[in-house]
Amino acid sequence: MSLNAFITRTEIESEAAGPLAGQRIAVKDNISTEGIRTTCGSEMLEEYVPPYDATVVSKLKDAGATIVGKTNMDEFGMGTTTETSAFGPTKNPVDEDRVPGGSSGGSAAAVKNGEADLALGTDTGGSIRCPAAFTGTVGIKPTYGLVSRYGLVAYANSLEQIGPIAPSVEEAADLLSVIAGPDEHDGTTREAGKDMNYAAAADGDVDGLRIGIPTELLEGSDPVVRKRFEVGLEQLREQGAETVEVELPSVEYAVAAYYVIAMSEASSNLARFDGVRFGTAGGFDGDWNESFAAARSAGFGEEVIRRILLGTFALSEGYHDKYYKQAQEARSWVKQDFDAAFEEADVLATPTMPVLPPKLGESLEDPLQMYLIDANTVPVNLANLPAISVPVGETDSLPVGFQLIGPAFGEKQIIRAGSALE
Ligand code: GLN
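Quick summary incoming for the structure in this document. (Residues numbered from 1 in each chain as written. Predicted model: local features only at pLDDT ≥ 70, side-chain atom pairs only at ≥ 80, totals over all residues. Heavy atoms only, no water.)

## Observations regarding the site of the ligand
Moving on, step 1. Neighbouring residues of the ligand: 15 residues in total, closest Thr124, Gly125, Ser127, Tyr155 and Tyr258.
Moving on, step 2. Separating a nitrogen atom of the ligand from a side-chain N or O atom of Ser103 is a distance of 3.4 Å.
Moving on, step 3. Contact distances for the ligand include 2.6 Å between an oxygen atom and a side-chain N or O atom of Tyr155.
Moving on, step 4. Within the complex, the protein chains bury 100% of what would otherwise be the 290 Å² of accessible surface of the ligand.
Moving on, step 5. When the residues that make up the shell around the ligand are grouped by side-chain class, the tally is four nonpolar, eight polar and three charged. (Near = heavy atom within 4 Å. Polar contact = N/O pair within 3.5 Å; in protein donor to acceptor, adjacent residues only side chain to side chain. Areas by Shrake-Rupley, 256 points an atom, 1.4 Å probe, with all protein chains shown as cover. Nonpolar A, V, L, I, M, F, W, Y, C, P; charged D, E, K, R; others polar.)

## Remarks on the pattern of salt bridges
Moving on, step 1. Summed over all chains, the structure comprises 14 salt bridges.
Moving on, step 2. Residues Arg9 and Glu115 are paired through a salt bridge, measuring 2.9 Å at the closest nitrogen-oxygen approach. Linking Arg9 in strand 1 (residues 6-12) with Glu115 in the loop between helix 2 (105-112) and strand 4 (118-123), this pair joins segments that are 106 residues apart in sequence.
Moving on, step 3. On the basis of relative accessibility, which here comes to 53%, the residue Arg9 falls in the exposed class.
Moving on, step 4. Asp203 is the partner of Arg416 in a salt bridge, and the nearest nitrogen-oxygen pair spans 3.1 Å. Taken together, the positions of Arg416 in helix 13 (residues 411-421) and Asp203 in the loop between helix 4 (169-179) and strand 7 (210-214) put the pair 213 residues apart, joining distant regions of the chain. (Salt bridge = Lys/Arg side-chain N within 4 Å of Asp/Glu carboxyl O. Helix = DSSP H or I, 4+ residues; strand = E, 2+ residues; numbered from the N terminus. Buried < 20%, exposed > 50% of the residue type's maximum accessible area, 1.4 Å probe, protein only.)

## Considering the nonpolar core
Moving on, step 1. Ranked by size, the top nonpolar core spans 59 residues in total, and within it Leu20, Ile31, Val56, Leu60, Ile211 and Phe402 carry the most contacts.
Moving on, step 2. Of the residues forming this core, the biggest block, seven residues, is contributed by helix 4.
Moving on, step 3. Ignoring sequence-local partners within four residues, the contact set of Ile211 consists of Leu233, Leu236, Ala241, Glu242, Thr243, Val244, Ala345, Val347 and Ala349.
Moving on, step 4. In terms of nonpolar packing, the next biggest core, distinct from the first, is built from 48 residues, Met73, Val304, Ala330 and Phe342 among them. (Core = buried A, V, L, I, M, F, W, Y, C linked by side-chain atoms within 4.5 Å. Contact = heavy atoms within 4.5 Å.)

## Topic: the pairing of strand 7
Moving on, step 1. Summarising burial for strand 7: four of the five residues are buried, a large majority.
Moving on, step 2. The sheet contact formed by strand 7 and strand 8 (residues 242-246) spans five bridges and is parallel. Residue Pro214 lies in a different strand from strand 8, and its bridge partner there is Val246.
Moving on, step 3. In the sheet, strand 7 pairs with strand 9 (residues 347-351) via two bridges, with the strands oriented parallel. The partner of Ile211 across the bridge, within strand 9, is Val347. (Pairing = 2+ DSSP bridges.)

## Quick notes on helix 2
Moving on, step 1. The buried fraction of helix 2 amounts to seven of the eight residues, a majority that puts the element mostly inside the structure.
Moving on, step 2. Among the residues of helix 2, those classed as buried are Gly105, Gly106, Ser107, Ala108, Ala109, Ala110 and Val111.
Moving on, step 3. Elements in contact with the buried residues of helix 2: strand 1, strand 2 (24-28), strand 3 (66-71), strand 4, helix 3 (129-135) and strand 6 (161-166).
Moving on, step 4. Within two residues after helix 2, Gly114 carries a phi angle of roughly 80°, on the positive side.

As C-alpha coordinates, this is what we get:
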(Lines give C-alpha, C1' and ligand atoms only; values in the text may rest on other atoms or scores of the structure.)
Protein backbone atom coordinates (compact mmCIF):
# COMPACT_ATOMS: atom_id res chain seq x y z
CA MET A 1 0.00 0.00 0.00
CA SER A 2 1.23 3.46 -0.84
CA LEU A 3 1.79 5.80 2.06
CA ASN A 4 0.86 8.79 -0.11
CA ALA A 5 4.21 10.40 0.71
CA PHE A 6 4.50 12.08 -2.69
CA ILE A 7 2.25 14.55 -4.48
CA THR A 8 4.36 14.44 -7.65
CA ARG A 9 7.02 11.89 -8.57
CA THR A 10 10.02 13.07 -10.57
CA GLU A 11 13.30 11.70 -11.80
CA ILE A 12 15.43 14.83 -12.08
CA GLU A 13 18.95 13.51 -12.44
CA SER A 14 22.07 15.60 -12.21
CA GLU A 15 25.36 14.98 -13.97
CA ALA A 16 27.35 16.85 -11.32
CA ALA A 17 29.90 14.81 -9.39
CA GLY A 18 29.19 16.50 -6.06
CA PRO A 19 28.85 15.21 -2.48
CA LEU A 20 25.27 14.00 -3.11
CA ALA A 21 26.00 12.09 -6.34
CA GLY A 22 23.79 9.01 -6.51
CA GLN A 23 21.58 10.13 -3.62
CA ARG A 24 17.81 10.12 -4.10
CA ILE A 25 16.31 13.22 -2.52
CA ALA A 26 12.66 14.08 -1.88
CA VAL A 27 11.69 17.75 -1.70
CA LYS A 28 8.72 19.14 0.21
CA ASP A 29 6.10 20.54 -2.12
CA ASN A 30 6.35 24.13 -0.90
CA ILE A 31 9.91 24.44 -2.30
CA SER A 32 9.96 25.70 -5.89
CA THR A 33 11.19 23.37 -8.62
CA GLU A 34 11.55 24.77 -12.13
CA GLY A 35 9.13 23.10 -14.53
CA ILE A 36 7.73 20.78 -11.83
CA ARG A 37 4.46 21.69 -10.17
CA THR A 38 4.69 22.94 -6.61
CA THR A 39 1.32 22.68 -4.91
CA CYS A 40 1.99 23.41 -1.21
CA GLY A 41 -0.55 20.64 -0.58
CA SER A 42 -3.30 23.00 -1.76
CA GLU A 43 -5.96 22.86 -4.43
CA MET A 44 -5.21 26.53 -4.98
CA LEU A 45 -1.82 25.65 -6.50
CA GLU A 46 -2.75 22.30 -8.01
CA GLU A 47 -1.51 23.42 -11.42
CA TYR A 48 1.16 25.92 -10.42
CA VAL A 49 4.50 25.30 -12.14
CA PRO A 50 7.32 27.56 -10.89
CA PRO A 51 9.53 29.19 -13.52
CA TYR A 52 12.64 28.87 -11.34
CA ASP A 53 14.37 26.65 -8.78
CA ALA A 54 14.63 27.53 -5.10
CA THR A 55 18.25 28.13 -4.09
CA VAL A 56 18.28 24.87 -2.10
CA VAL A 57 17.11 22.95 -5.17
CA SER A 58 19.89 24.47 -7.32
CA LYS A 59 22.32 23.43 -4.60
CA LEU A 60 21.00 19.85 -4.61
CA LYS A 61 21.45 19.69 -8.39
CA ASP A 62 24.97 21.14 -8.18
CA ALA A 63 25.78 18.52 -5.55
CA GLY A 64 24.77 15.70 -7.90
CA ALA A 65 21.51 14.64 -6.25
CA THR A 66 18.60 12.98 -8.04
CA ILE A 67 15.31 14.62 -7.07
CA VAL A 68 12.75 11.82 -6.83
CA GLY A 69 9.66 13.84 -6.08
CA LYS A 70 7.69 16.50 -4.31
CA THR A 71 6.35 15.39 -0.97
CA ASN A 72 2.98 15.64 0.67
CA MET A 73 2.43 18.21 3.38
CA ASP A 74 -0.20 20.00 5.41
CA GLU A 75 -1.71 22.69 3.21
CA PHE A 76 0.80 25.59 3.11
CA GLY A 77 2.54 23.96 6.11
CA MET A 78 -0.41 24.59 8.40
CA GLY A 79 -0.71 21.51 10.53
CA THR A 80 1.09 18.90 12.60
CA THR A 81 -0.14 15.69 10.99
CA THR A 82 -0.09 16.05 7.14
CA GLU A 83 -3.86 15.56 7.24
CA THR A 84 -4.77 19.08 6.06
CA SER A 85 -3.28 18.30 2.61
CA ALA A 86 -5.71 18.61 -0.31
CA PHE A 87 -4.09 15.44 -1.66
CA GLY A 88 -5.12 13.21 1.24
CA PRO A 89 -3.13 12.29 4.35
CA THR A 90 0.23 10.52 4.40
CA LYS A 91 0.44 7.37 6.51
CA ASN A 92 3.16 6.72 9.04
CA PRO A 93 5.37 3.88 7.75
CA VAL A 94 5.94 2.72 11.33
CA ASP A 95 2.21 2.21 11.88
CA GLU A 96 -0.10 2.91 8.96
CA ASP A 97 -3.05 3.73 11.21
CA ARG A 98 -1.14 6.72 12.55
CA VAL A 99 -0.08 10.11 11.24
CA PRO A 100 3.55 10.67 10.24
CA GLY A 101 3.53 14.10 11.87
CA GLY A 102 3.63 17.32 9.94
CA SER A 103 3.74 19.42 8.17
CA SER A 104 6.68 17.74 6.36
CA GLY A 105 5.07 14.32 6.82
CA GLY A 106 5.61 13.18 3.24
CA SER A 107 9.34 13.91 3.45
CA ALA A 108 9.78 11.96 6.69
CA ALA A 109 7.63 9.04 5.52
CA ALA A 110 9.56 8.81 2.23
CA VAL A 111 12.89 8.62 4.08
CA LYS A 112 11.65 6.12 6.65
CA ASN A 113 10.12 3.94 3.96
CA GLY A 114 13.23 4.01 1.75
CA GLU A 115 11.44 5.85 -1.07
CA ALA A 116 14.14 8.51 -0.74
CA ASP A 117 17.62 8.47 0.83
CA LEU A 118 17.24 11.98 2.18
CA ALA A 119 14.62 14.73 2.13
CA LEU A 120 14.10 18.44 2.55
CA GLY A 121 11.39 19.71 4.84
CA THR A 122 10.51 23.12 6.23
CA ASP A 123 10.02 24.07 9.85
CA THR A 124 7.94 27.08 10.88
CA GLY A 125 6.95 25.75 14.29
CA GLY A 126 8.16 22.16 14.29
CA SER A 127 7.35 20.81 10.86
CA ILE A 128 10.72 19.09 10.37
CA ARG A 129 11.22 17.90 13.94
CA CYS A 130 7.68 16.62 14.53
CA PRO A 131 7.58 14.23 11.55
CA ALA A 132 11.17 13.16 12.29
CA ALA A 133 10.09 12.29 15.84
CA PHE A 134 6.91 10.48 14.76
CA THR A 135 8.65 8.37 12.10
CA GLY A 136 11.92 7.62 13.89
CA THR A 137 14.11 9.70 11.56
CA VAL A 138 16.50 12.60 12.18
CA GLY A 139 15.46 16.17 11.37
CA ILE A 140 17.34 19.44 11.72
CA LYS A 141 15.74 22.88 11.93
CA PRO A 142 18.64 25.24 11.19
CA THR A 143 19.27 28.62 12.81
CA TYR A 144 17.19 31.32 11.10
CA GLY A 145 19.39 32.68 8.32
CA LEU A 146 21.62 29.64 7.83
CA VAL A 147 19.68 28.30 4.82
CA SER A 148 18.24 30.40 2.00
CA ARG A 149 14.46 30.66 1.79
CA TYR A 150 14.57 31.93 -1.79
CA GLY A 151 11.95 29.94 -3.68
CA LEU A 152 10.21 28.68 -0.54
CA VAL A 153 6.51 29.55 -0.70
CA ALA A 154 6.21 31.58 2.48
CA TYR A 155 3.83 30.65 5.30
CA ALA A 156 5.33 32.69 8.16
CA ASN A 157 8.64 34.09 6.99
CA SER A 158 10.02 35.34 10.30
CA LEU A 159 9.83 31.81 11.72
CA GLU A 160 10.64 29.30 9.01
CA GLN A 161 13.71 27.52 7.69
CA ILE A 162 14.34 24.72 5.20
CA GLY A 163 16.22 21.74 6.66
CA PRO A 164 17.15 18.08 6.22
CA ILE A 165 15.39 14.85 7.20
CA ALA A 166 17.57 11.71 7.07
CA PRO A 167 17.99 8.23 8.52
CA SER A 168 21.01 9.28 10.62
CA VAL A 169 22.55 12.37 12.22
CA GLU A 170 25.58 12.21 9.94
CA GLU A 171 23.49 12.05 6.76
CA ALA A 172 21.30 14.91 7.94
CA ALA A 173 24.44 16.92 8.69
CA ASP A 174 25.84 16.16 5.24
CA LEU A 175 22.71 17.46 3.57
CA LEU A 176 22.78 20.55 5.79
CA SER A 177 26.33 21.34 4.61
CA VAL A 178 25.11 21.29 1.00
CA ILE A 179 22.14 23.63 1.52
CA ALA A 180 23.63 26.06 4.09
CA GLY A 181 25.24 29.40 3.34
CA PRO A 182 24.44 32.98 2.43
CA ASP A 183 22.40 33.78 -0.67
CA GLU A 184 22.18 37.11 -2.45
CA HIS A 185 18.50 36.33 -3.16
CA ASP A 186 17.63 36.11 0.56
CA GLY A 187 18.69 39.12 2.63
CA THR A 188 18.05 37.25 5.90
CA THR A 189 20.83 34.72 5.26
CA ARG A 190 24.10 34.99 7.18
CA GLU A 191 27.64 33.70 6.88
CA ALA A 192 27.96 31.03 9.57
CA GLY A 193 31.73 30.65 9.45
CA LYS A 194 34.28 29.12 7.13
CA ASP A 195 33.96 25.51 8.18
CA MET A 196 30.57 24.23 7.09
CA ASN A 197 31.43 20.55 7.37
CA TYR A 198 28.62 19.65 9.75
CA ALA A 199 29.03 15.90 9.33
CA ALA A 200 32.50 16.15 10.90
CA ALA A 201 30.78 17.31 14.09
CA ALA A 202 28.90 13.99 14.32
CA ASP A 203 31.73 12.51 16.38
CA GLY A 204 29.70 11.54 19.43
CA ASP A 205 31.97 13.45 21.82
CA VAL A 206 29.86 14.83 24.66
CA ASP A 207 32.48 14.63 27.39
CA GLY A 208 31.97 17.69 29.62
CA LEU A 209 29.00 18.96 27.59
CA ARG A 210 26.45 20.78 29.78
CA ILE A 211 22.90 19.80 28.85
CA GLY A 212 20.14 22.03 30.21
CA ILE A 213 16.70 20.54 30.85
CA PRO A 214 13.88 23.11 30.74
CA THR A 215 11.58 21.80 33.45
CA GLU A 216 8.52 23.59 32.04
CA LEU A 217 8.71 21.63 28.78
CA LEU A 218 9.15 18.28 30.52
CA GLU A 219 6.11 18.72 32.72
CA GLY A 220 3.68 18.87 29.81
CA SER A 221 4.93 15.63 28.23
CA ASP A 222 3.14 12.32 28.31
CA PRO A 223 4.72 10.04 30.99
CA VAL A 224 5.54 7.30 28.43
CA VAL A 225 7.37 9.85 26.26
CA ARG A 226 9.11 11.27 29.29
CA LYS A 227 10.38 7.86 30.29
CA ARG A 228 12.11 7.35 26.92
CA PHE A 229 13.51 10.87 27.16
CA GLU A 230 15.02 10.08 30.58
CA VAL A 231 16.66 6.96 29.10
CA GLY A 232 18.28 9.19 26.46
CA LEU A 233 19.51 11.62 29.10
CA GLU A 234 21.02 8.77 31.09
CA GLN A 235 22.87 7.58 27.97
CA LEU A 236 24.34 11.03 27.48
CA ARG A 237 25.41 11.22 31.13
CA GLU A 238 27.11 7.84 30.81
CA GLN A 239 29.13 9.31 27.94
CA GLY A 240 30.36 12.17 30.08
CA ALA A 241 27.72 14.88 29.66
CA GLU A 242 26.40 16.80 32.66
CA THR A 243 22.76 17.69 33.03
CA VAL A 244 21.41 20.79 34.75
CA GLU A 245 17.87 22.07 35.22
CA VAL A 246 17.13 25.38 33.56
CA GLU A 247 14.07 27.61 33.53
CA LEU A 248 12.20 29.00 30.56
CA PRO A 249 9.22 30.62 32.32
CA SER A 250 8.02 32.44 29.17
CA VAL A 251 7.32 29.21 27.28
CA GLU A 252 3.92 29.28 28.94
CA TYR A 253 3.02 31.95 26.34
CA ALA A 254 4.93 30.45 23.42
CA VAL A 255 2.15 28.48 21.71
CA ALA A 256 -0.26 31.43 21.89
CA ALA A 257 2.37 33.90 20.66
CA TYR A 258 3.48 31.53 17.90
CA TYR A 259 -0.03 31.06 16.52
CA VAL A 260 -0.82 34.79 16.57
CA ILE A 261 2.43 35.60 14.73
CA ALA A 262 2.24 32.66 12.31
CA MET A 263 -1.40 33.37 11.41
CA SER A 264 -0.78 37.10 11.03
CA GLU A 265 2.13 36.52 8.67
CA ALA A 266 0.13 33.86 6.82
CA SER A 267 -2.82 36.20 6.28
CA SER A 268 -0.50 38.62 4.55
CA ASN A 269 1.61 36.06 2.66
CA LEU A 270 -1.41 34.21 1.31
CA ALA A 271 -3.10 37.35 -0.01
CA ARG A 272 -1.49 36.76 -3.41
CA PHE A 273 -3.51 33.58 -3.95
CA ASP A 274 -6.56 35.25 -5.41
CA GLY A 275 -7.05 33.48 -8.72
CA VAL A 276 -5.47 36.38 -10.62
CA ARG A 277 -1.90 36.73 -9.45
CA PHE A 278 -1.66 33.08 -8.38
CA GLY A 279 -4.05 30.20 -8.08
CA THR A 280 -7.07 28.86 -9.85
CA ALA A 281 -9.51 31.56 -10.93
CA GLY A 282 -12.87 32.11 -9.29
CA GLY A 283 -14.46 33.38 -12.52
CA PHE A 284 -14.62 37.13 -13.08
CA ASP A 285 -18.17 38.39 -13.40
CA GLY A 286 -17.48 42.09 -13.09
CA ASP A 287 -17.07 42.17 -9.32
CA TRP A 288 -13.44 41.65 -8.24
CA ASN A 289 -14.30 41.12 -4.60
CA GLU A 290 -16.73 38.37 -5.43
CA SER A 291 -14.31 36.80 -7.82
CA PHE A 292 -11.47 36.80 -5.26
CA ALA A 293 -13.76 35.44 -2.57
CA ALA A 294 -14.97 32.66 -4.86
CA ALA A 295 -11.40 31.71 -5.81
CA ARG A 296 -10.23 31.73 -2.20
CA SER A 297 -13.21 29.83 -0.80
CA ALA A 298 -12.85 27.15 -3.44
CA GLY A 299 -9.05 26.89 -3.43
CA PHE A 300 -8.23 26.91 0.30
CA GLY A 301 -9.03 24.18 2.82
CA GLU A 302 -10.70 24.71 6.18
CA GLU A 303 -7.56 25.08 8.30
CA VAL A 304 -6.02 27.63 5.92
CA ILE A 305 -9.21 29.68 5.87
CA ARG A 306 -9.40 29.59 9.67
CA ARG A 307 -5.85 30.90 9.93
CA ILE A 308 -6.25 33.64 7.33
CA LEU A 309 -9.37 34.89 9.13
CA LEU A 310 -7.74 34.78 12.58
CA GLY A 311 -4.54 36.37 11.29
CA THR A 312 -6.41 39.15 9.55
CA PHE A 313 -8.35 39.78 12.74
CA ALA A 314 -5.19 39.88 14.87
CA LEU A 315 -3.69 42.53 12.60
CA SER A 316 -6.81 44.64 12.21
CA GLU A 317 -7.22 48.16 13.53
CA GLY A 318 -8.13 48.18 17.20
CA TYR A 319 -6.97 44.60 17.80
CA HIS A 320 -3.38 44.88 16.63
CA ASP A 321 -2.05 45.99 20.04
CA LYS A 322 -4.06 43.41 21.91
CA TYR A 323 -2.88 40.42 19.87
CA TYR A 324 -0.03 40.99 17.43
CA LYS A 325 1.95 43.41 19.57
CA GLN A 326 1.56 41.29 22.70
CA ALA A 327 2.67 38.23 20.78
CA GLN A 328 5.81 40.08 19.68
CA GLU A 329 6.51 40.98 23.29
CA ALA A 330 6.13 37.37 24.35
CA ARG A 331 8.48 36.43 21.52
CA SER A 332 11.18 38.68 22.93
CA TRP A 333 10.74 37.16 26.42
CA VAL A 334 11.21 33.71 24.95
CA LYS A 335 14.44 34.90 23.32
CA GLN A 336 15.67 36.37 26.60
CA ASP A 337 14.88 33.17 28.49
CA PHE A 338 16.87 31.12 26.01
CA ASP A 339 19.81 33.56 26.26
CA ALA A 340 19.81 33.12 30.04
CA ALA A 341 19.55 29.33 29.76
CA PHE A 342 22.56 29.21 27.43
CA GLU A 343 24.67 30.86 30.14
CA GLU A 344 24.21 27.69 32.18
CA ALA A 345 24.15 25.06 29.44
CA ASP A 346 25.76 24.37 26.05
CA VAL A 347 22.65 22.73 24.61
CA LEU A 348 19.09 22.19 25.88
CA ALA A 349 17.16 18.93 25.70
CA THR A 350 13.42 18.15 25.62
CA PRO A 351 11.18 15.47 24.16
CA THR A 352 10.55 16.67 20.57
CA MET A 353 6.83 15.98 20.79
CA PRO A 354 5.01 15.63 24.12
CA VAL A 355 2.88 12.77 22.74
CA LEU A 356 3.18 9.59 20.64
CA PRO A 357 1.97 9.83 17.01
CA PRO A 358 -1.85 10.18 17.02
CA LYS A 359 -4.15 7.92 15.03
CA LEU A 360 -5.22 9.18 11.60
CA GLY A 361 -8.31 11.39 11.93
CA GLU A 362 -7.94 11.83 15.67
CA SER A 363 -6.62 15.37 15.85
CA LEU A 364 -8.55 17.02 13.03
CA GLU A 365 -11.63 17.55 15.14
CA ASP A 366 -10.00 19.81 17.67
CA PRO A 367 -7.62 22.39 16.19
CA LEU A 368 -6.66 23.77 19.61
CA GLN A 369 -5.53 20.33 20.76
CA MET A 370 -3.42 20.11 17.62
CA TYR A 371 -1.84 23.51 18.28
CA LEU A 372 -0.96 22.52 21.84
CA ILE A 373 1.18 19.54 20.83
CA ASP A 374 3.61 22.05 19.30
CA ALA A 375 4.58 23.21 22.81
CA ASN A 376 8.18 21.93 22.69
CA THR A 377 8.99 22.94 19.13
CA VAL A 378 7.55 26.47 18.64
CA PRO A 379 9.71 28.24 21.27
CA VAL A 380 12.75 27.36 19.11
CA ASN A 381 11.28 29.11 16.06
CA LEU A 382 10.24 32.14 18.10
CA ALA A 383 13.89 32.45 19.19
CA ASN A 384 15.28 31.60 15.70
CA LEU A 385 17.50 28.87 17.18
CA PRO A 386 18.75 25.57 15.71
CA ALA A 387 17.38 22.23 16.92
CA ILE A 388 17.64 18.57 16.00
CA SER A 389 15.29 15.67 16.64
CA VAL A 390 16.98 12.28 17.07
CA PRO A 391 15.14 8.97 17.66
CA VAL A 392 15.52 7.69 21.20
CA GLY A 393 13.98 4.25 20.86
CA GLU A 394 10.36 3.20 20.94
CA THR A 395 7.44 3.01 23.34
CA ASP A 396 4.65 0.55 22.44
CA SER A 397 6.42 0.10 19.06
CA LEU A 398 6.11 3.83 18.34
CA PRO A 399 9.17 6.07 17.94
CA VAL A 400 10.01 8.85 20.39
CA GLY A 401 12.07 11.89 19.38
CA PHE A 402 14.71 13.58 21.53
CA GLN A 403 15.15 17.29 20.80
CA LEU A 404 18.44 19.12 21.27
CA ILE A 405 18.37 22.91 20.99
CA GLY A 406 21.50 24.99 20.41
CA PRO A 407 22.42 28.65 20.63
CA ALA A 408 22.25 30.61 17.34
CA PHE A 409 24.54 29.00 14.75
CA GLY A 410 25.36 26.25 17.27
CA GLU A 411 24.49 23.50 14.74
CA LYS A 412 27.72 21.64 15.45
CA GLN A 413 26.93 21.36 19.16
CA ILE A 414 23.52 19.80 18.61
CA ILE A 415 24.86 17.51 15.87
CA ARG A 416 27.62 16.33 18.20
CA ALA A 417 25.19 15.63 21.04
CA GLY A 418 22.69 14.06 18.64
CA SER A 419 25.30 11.66 17.30
CA ALA A 420 26.20 10.62 20.86
CA LEU A 421 22.58 9.68 21.44
CA GLU A 422 22.53 7.58 18.30
N1 GLN B 1 2.17 22.84 13.51
C2 GLN B 1 2.66 24.16 13.32
C3 GLN B 1 1.66 24.96 12.53
O4 GLN B 1 0.69 24.41 12.17
C5 GLN B 1 3.99 24.15 12.65
C6 GLN B 1 3.90 24.00 11.20
C7 GLN B 1 5.21 24.19 10.49
O8 GLN B 1 6.27 24.18 11.10
N9 GLN B 1 5.10 24.47 9.20
O10 GLN B 1 1.84 26.11 12.28
